Amino acid sequence: MSRADRHTLTGDYDEDAIEVRGPKHHAAGPTAVAVSMKRAIDHMGPTRTAQTLLKLNQADGFDCMSCAWPDPDPENRHSAEFCENGAKAVAEEATTDRATPEFFARYSIAELDQQSEWWLGQQGRITEPMIKRPGGTHYEPVSWDDAFALVADKLRGLDSPDRAVFYTSGRASNEAAFAYQLFVRSYGTNNMPDCSNMCHESTSVALAESIGIGKGSVSLRDIYDAELIVIAGQNPGTNHPRMLSALETAKRRGAKILSINPLREAGLVNFKNPQKVRGMVGKGTDLTDLFLPIKLNGDLALFQAFGHLLAQWDAIDHAFVDEHTVGFEAWREHVADLDWDMVEKATGLSRALITEAAEMLRGSKATIFCWAMGITQHRNAVATIKEITNVALVQGNIGKRGAGLCPVRGHSNVQGDRTMGIWERPPEWFLDALQTEFGFDPPREHGLDVVDSIRAMRDGKADVFVCLGGNFVHASPDTEVTVEALRSTALTVQISTKLNRSHLVCGDTALILPTLGRTEKDLQGGVEQFISVEDSMSAVHASRGPLEPAGPLLRSEVAIVTGLAEATLGDRHGIDWAGMRADYGRIRDHISRVVAGCEDYNDKVDRPGGFVMPHPPRDSRTFKTGSGKGEIVVSPVELLHVPEGHVVLQTLRSHDQYNTTIYGLSDRYRGIEGGRRVVFMHPDDITALGYVDGDHVDLVAKWDDDDVERRAADFRIVSYDTPRGSAAAYYPETNPLIPLDSTADHSNTPTSKAVVISLEPLSTDHHTRSGTAAQQGRGQDATGSDEGHKSRVETAPMS
């Protein structure tokens, strides 16, 4: 599609046009530079490209809206302190394209819902508040005052505040998040699901119980100083590309890297640093020293095998264990009884290979354990993370230089939002501090997380859904259930920068409230404001956008949240919403008195590089657990039951994707061009199931607990280097396969990395699919038009 024709509706695409080129064996390099610059200039033009990218992740600039990888110290930052996907994220937000009221008048909601997520995202920034009225077919403009009044009227008219749900995406700033949770709790509910519920909730639960805080325990300096870095269930080359620079530094300082993942991802193999000559013209830096191609859901068994061998070899830091932990003897007795046959079956790895990996642990005096969604989105995720923590604790790898736990979060301020109180299960100390600061008693009953919110809407127990950022429909599991749940509500409110699927899955009344992005200046009453964020390593810093807003009617997240609060609550509790809107420093003053570790927030956050939140296990080897020590716990291993003729599917991102945002149709590192409906499988599995590479099939999931058949239609089989019995495909296309009720024990996180599926011949002609694009989980798709094909060729990466 040409830039001039971006508003032209397209037909479906031809899956046969997908090109399979084979996986790459390195990440980044000159191709990444070429792709980044082309995407940025195409969307923003050369002037805006320079204005934004030279300020991205700089101490006097703005924080990337993509992943939450930390920044180097200000004096060590490169002038181009961004990665390919960060540049894409900026280009998407700072695009010169606009989705104006004329656009919404031109196309009905039903017509828009037939388009792919990629097409929707190319329509540009939304410029005015829009409303779909009851029975309406189109969005139409609405004033800010009328929009706020409508929301206030609906909220005040509910039988109970608990009939409203307030979702938060991880992009919201600390200031917006604090004001949002204050509004919601002043209103009277803790129904604050957020994107953490679907990603690192398992981490938060496990670490809080094991070490007393649900955050990682390392700094960027620790990565550089580590002797061994274990990367489990993570693809940094696509999801956290700036991490590769830190790994390169660690390797050049002598570190070894142990990678554990079903797919041998390019970013785990070799890194060609585009900021260095050797990365542009040389062979790059080899990263992984030993790769374990583990079967899906085998990680708990693997880490127990590591524990078994370390205990057998007495590779234990007994002084640390005796002084700082409890539970060691019970754990040692448990792992001593390891069933090696079970371990090999669960992991797909040989005892010899596991032993080789454990030797790396034994030989390291400073080990860091990194993980992401490949660990957190399983039924046994919490137990697995506790087992990783066990291995760290017994070797004393917490609270010392070059060692610790490193959950790598995938959304730029998801950790900061939780710190600010975005949580359906807030701790009592936080609620007490709110009461002291604002003079009202916040609700104490726990609220609804993502899965329970969908259930509540589905069951008629929630009537209003407010979404602060994100794309809830395509981030959530069981797409058809999620769609119908949202459509059953009286009101949906989306606070957004650009059009996405969730705007087209409407309640009886639906609002789109357009907000400023990270790239834009935020002026309140003519006075420039700044916001703040927290990264994966607990560093908090300021962010200031350089661009003029995309339209004169846009409002900041803080302005929208405080406007909703004023309209709904009036002067209830005497909270000065207008004052906070006029001066974000007032919000930060409140934060300094409510949020532990944020004392003197206004002063500390605006220093170059900001400040680091306290972390007792890291800082002083103290643990705020029930025992006052690090908890070494015993977790039984249960094999995932996979019937004959089935495989286990993991959902994942392509390289041209950030969470649910589809940048384009190229998964360059895995060798896929021009489309997204592919399923990666081991060649022997393909043959055993009666298919050949290139066949088109339906993916079918039948979950024993509800006996409902879930189907994702028309995927091309791609032969790939993945363990037998383990398959992979992109989300959100495969989200319809994930049962709403299939969640991780204790965290309620959807099990997106362990979906048991079968393959069936196409149920219909592969150019016809039943249901709306939302129900299909369609987040993909090139077009079938000549213009669409032209765009695909033009955006293919340079060789």
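For clarity, every value in this text was computed on a predicted model and none was experimentally measured.

1. Side note on the environment of S204
Right, so step 1: As for its placement among the helices and strands, S204 is situated in helix α8 (residues 201-210).
Right, so step 2: Looking at S204, the relative accessible area reads 12%, which means it is buried.
Right, so step 3: Residues S204 and K215, spaced eleven residues apart in sequence, show a C-alpha to C-alpha distance of 6.6 Å.
Right, so step 4: Ignoring any residue separated from it by four or fewer positions in sequence, one finds S204 in contact with G214, R409 and R418.

2. Some words on the sheet that holds strand β2 (residues 27-28)
Right, so step 1: Strand order across the open sheet formed by three strands is β2-β10-β11, with mixed pairing between neighbours. Strands with a single pairing partner mark the edges of an open sheet, and in this sheet they are β2 and β11 (285-286).

3. Concerning the confidence of the model for the protein
Right, so step 1: A residue-level look at the protein finds 93% of positions with pLDDT of 70 or above and a mean pLDDT of 92.
Right, so step 2: Contacts for the low-pLDDT stretch residues 1-5, under 50 throughout, to residues beyond four places or in other chains number 15 contacts.
Right, so step 3: The low-confidence segment residues 779-799 (pLDDT under 50) makes 59 contacts with residues lying over four places distant or belonging to another chain.

4. Concerning a nonpolar patch on the surface
Right, so step 1: Taken together, the side chains of V33, V277, M280 and V281 present a nonpolar region at the surface, about 360 Å² in accessible area.
Right, so step 2: Considering each element in turn, the nonpolar patch owes the most residues, three residues, to helix α13 (residues 277-281).

5. Description of the pairing of strand β33 (residues 726-730)
Right, so step 1: For β33, the tally of buried residues reaches five of five residues, placing the bulk of the element in the interior.
Right, so step 2: Side chains S726, A728 and Y730 project from β33 onto one buried face, and the interleaved A727 and A729 project onto a second face that is buried too.
Right, so step 3: By the bridge criterion, five bridges tie strand β25 (residues 647-652) to β33 in an arrangement that is parallel. Note on β33: the bridge partner recorded for T651 is A729.
Right, so step 4: Pairing geometry for strand β30 (residues 678-681) and β33, over two bridges, is antiparallel. Across the sheet, the residue bridging to F680 is A728, located in β33.

6. Section: the nonpolar core
Right, so step 1: With 60 residues, the main nonpolar core has L155, F166, F178, F183, L511 and L513 as its most contacted residues.
Right, so step 2: Broken down by element, this core gets its largest block of residues, nine residues, from helix α7 (residues 174-187).
Right, so step 3: Not counting residues up to four positions away in its chain, the partners in contact with F166 are L155, Y180, F183, V184, Y187, T189, N191, M192, P193 and V466.
Right, so step 4: With 53 residues, the next largest nonpolar core counts I213, L290, A305 and F320 among its residues.

7. Comments concerning a negative patch on the surface
Right, so step 1: Where like charges cluster on the molecular surface, the negative patch consists of E333, D337, D339, D341 and E344.
Right, so step 2: If you trace the backbone, D337 turns up in the loop between α16 (328-336) and α17 (340-347).

8. Some remarks on the packing of aromatic side chains
Right, so step 1: Applying the stated criterion across every chain yields a total of 20 aromatic pairs.
Right, so step 2: Each ring, one from W144 and one from F148, has its centre 5.6 Å from the other, and the planes form 50°; the classification is tilted. In this pair, W144 and F148 are both assigned in helix α6 (residues 144-156), four residues apart and thus about one turn of the helix distant.
Right, so step 3: Classification of F148 by relative accessible area gives buried; the value is 6%.
Right, so step 4: Seen in terms of ring centroids, Y167 and F472 are 5.0 Å apart; in terms of plane orientation they differ by 75°. Their pairing is edge-to-face. Of this pair, Y167 sits in strand β7 (residues 164-168) while F472 sits in helix α24 (residues 472-475); the two residues are 305 residues apart in sequence, bridging distant segments of the chain. Neither Y167 nor F472 differs from the other in exposure class; each is buried.
Right, so step 5: Taken together through their ring pairs, the aromatic side chains of F103, F104, Y107, W119 and Y139 make up a single cluster.
Right, so step 6: Here the guanidinium or amino end of R362 rests over the ring plane of W313, the centre of that ring lying 4.1 Å away.

9. Remarks on helix α11 (residues 243-252)
Right, so step 1: Counted residue by residue, α11 has seven buried out of ten residues, so it is predominantly covered.
Right, so step 2: Residues of α11 that are buried: M243, L244, A246, L247, E248, A250 and K251.
Right, so step 3: Looking one or two places after α11, you find G254, whose phi comes out positive at around 105°.

10. Focus on the sheet that holds strand β34 (residues 755-761)
Right, so step 1: Overall, mixed pairing links the six strands, which are arranged β25-β33-β30-β32-β31-β34 in a closed barrel. Pairwise comparison of adjacent strand axes, ignoring direction, gives a mean angle of 45° for this sheet.

11. Side note on the environment of M198
Right, so step 1: Among the secondary structure elements, M198 is positioned in the loop between α7 and α8.
Right, so step 2: Of the residues examined, M198 reaches a relative accessible area of 8% and is grouped as buried.
Right, so step 3: A sequence separation of 80 residues divides M198 from R278, and the C-alpha atoms of the two residues are 39 Å apart.
Right, so step 4: For M198, the residues in contact, after removing those within four places along its chain, are Y167, Q377, V450, A475, S476, P477, T749 and P750.

12. Points about the side chain of T168
Right, so step 1: Following the sequence through the fold, T168 ends up in strand β7.
Right, so step 2: Each residue touching T168, except ones within four places of it in the same chain, is listed here: Y180, P193, D194, C195, D417, I422 and L468.

13. Details of α6
Right, so step 1: Counted at 1.5 Å a residue, the expected span for α6 with its 13 residues is 18 Å, and the 18 Å between its end C-alpha atoms agrees.
Right, so step 2: Considered for burial, the residues of α6 that qualify are W144, A147, F148, V151, A152 and L155. Looking down the long axis of α6, one finds its buried residues gathered within 130° of arc, a one-sided arrangement. Relative to its buried face, α6 has exposed residues pointing more than 90 degrees away, namely D145 and D153.

14. Points about the pairing of strand β22 (residues 539-543)
Right, so step 1: With five of five residues buried, β22 lies mostly within the body of the structure.
Right, so step 2: As paired elements, strand β21 (residues 531-534) and β22 share four bridges and run antiparallel to each other. If you follow I531 over to β22, its bridge partner there is S543.
Right, so step 3: Turn length for the β21-β22 hairpin, with the two strands adjacent in sequence and antiparallel, is four residues, and the turn residue S538 shows positive phi of about 70°.
Right, so step 4: Bridge count between β22 and strand β23 (residues 611-612): two bridges; the pairing is antiparallel. The residue of β23 that forms the bridge with V540 is F611.

15. Structural notes on the packing of helix α14 (residues 299-312) against α16
Right, so step 1: Where α14 contacts α16, the axes come no closer than 9 Å and their chain directions differ by 105°. The angle between α14 and α16 places the two elements in the roughly perpendicular class. In this structure, α14 uses Q304, G307, H308 and A311 to contact α16, whose residues at the interface are W331, R332, H334, V335 and A336.
Right, so step 2: Class assignment for the residues of the contact of α14 with α16 results in four nonpolar, four polar and one charged.

How each quantity is defined
- Counting from 1, residues in each chain are numbered in the order their sequence is written.
- Only residues with pLDDT of at least 70 are given local features in this predicted model, and only at 80 or more are side-chain atom pairs given and counted; all residues enter the totals for whole chains, interfaces and linings.
- Processing note: side-chain calculations cover all non-hydrogen atoms of the structure and skip hydrogens and water entirely.
- Only DSSP runs of H or I reaching four residues or more are called helices, and only runs of E reaching two or more are called strands; each is numbered from the N terminus.
- For the exposure calls, accessible area comes from a 1.4 Å probe over protein chains only, and a residue counts as buried if that area is under 20% of its type's maximum, exposed if over 50%, partly exposed in between.
- Residues are treated as being in contact if the distance between any of their heavy atoms lies within 4.5 Å.
- What makes two strands pair is DSSP finding at least two bridges between them.
- Confidence per residue, as judged by the predictor, is encoded in pLDDT with a range of 0 to 100.
- Residues forming no salt bridge and having over 30% relative accessible area are the ones grouped into patches, like charges within 9 Å of each other and nonpolar side chains (Val, Leu, Ile, Met, Phe, Trp, Tyr) within 5 Å.
- Using the Shrake-Rupley algorithm and a 1.4 Å probe, accessible areas are obtained, with residue cover drawn only from the displayed protein chains.
- The term salt bridge refers to a pairing of a side-chain nitrogen on Lys or Arg with a carboxyl oxygen on Asp or Glu at a separation within 4 Å.
- What makes a nonpolar core is a set of buried Ala, Val, Leu, Ile, Met, Phe, Trp, Tyr and Cys residues whose side-chain atoms join them at distances within 4.5 Å.
- Neither His nor the chain ends contribute to the count of charged residues, in which Lys and Arg are positive and Asp and Glu negative.
- One atom stands in for each charge, and that atom is NZ of Lys, CZ of Arg, CG of Asp or CD of Glu.
- Between 30 and 60 degrees the pair is tilted, below 30 it is stacked and above 60 it is edge-to-face, where a pair is any two Phe, Tyr or Trp rings, Trp via its six-membered ring, whose centres lie within 6.5 Å.
- Whether a charge lies above a ring is judged from NZ of Lys or CZ of Arg, which has to be within 6 Å of the ring centre and within 35 degrees of the ring normal.
- In this analysis an axis means a line fitted to C-alpha atoms, helices contributing only their contacting stretch, and an angle means the value between N-to-C directions, from 0 to 180 degrees.
- One less than the residue count of a helix, multiplied by 1.5 Å, gives the span that helix is expected to have.
- Arc definition: it is the arc formed by the directions from the helix axis to the C-beta atoms.
- Convention used here: angles under 35 degrees read as roughly parallel, angles over 145 as roughly antiparallel, angles from 65 to 115 as roughly perpendicular, and any remaining angle as oblique.
- Each residue gets one of three labels, nonpolar for Ala, Val, Leu, Ile, Met, Phe, Trp, Tyr, Cys and Pro, charged for Asp, Glu, Lys and Arg, and polar for the others, Gly among them.

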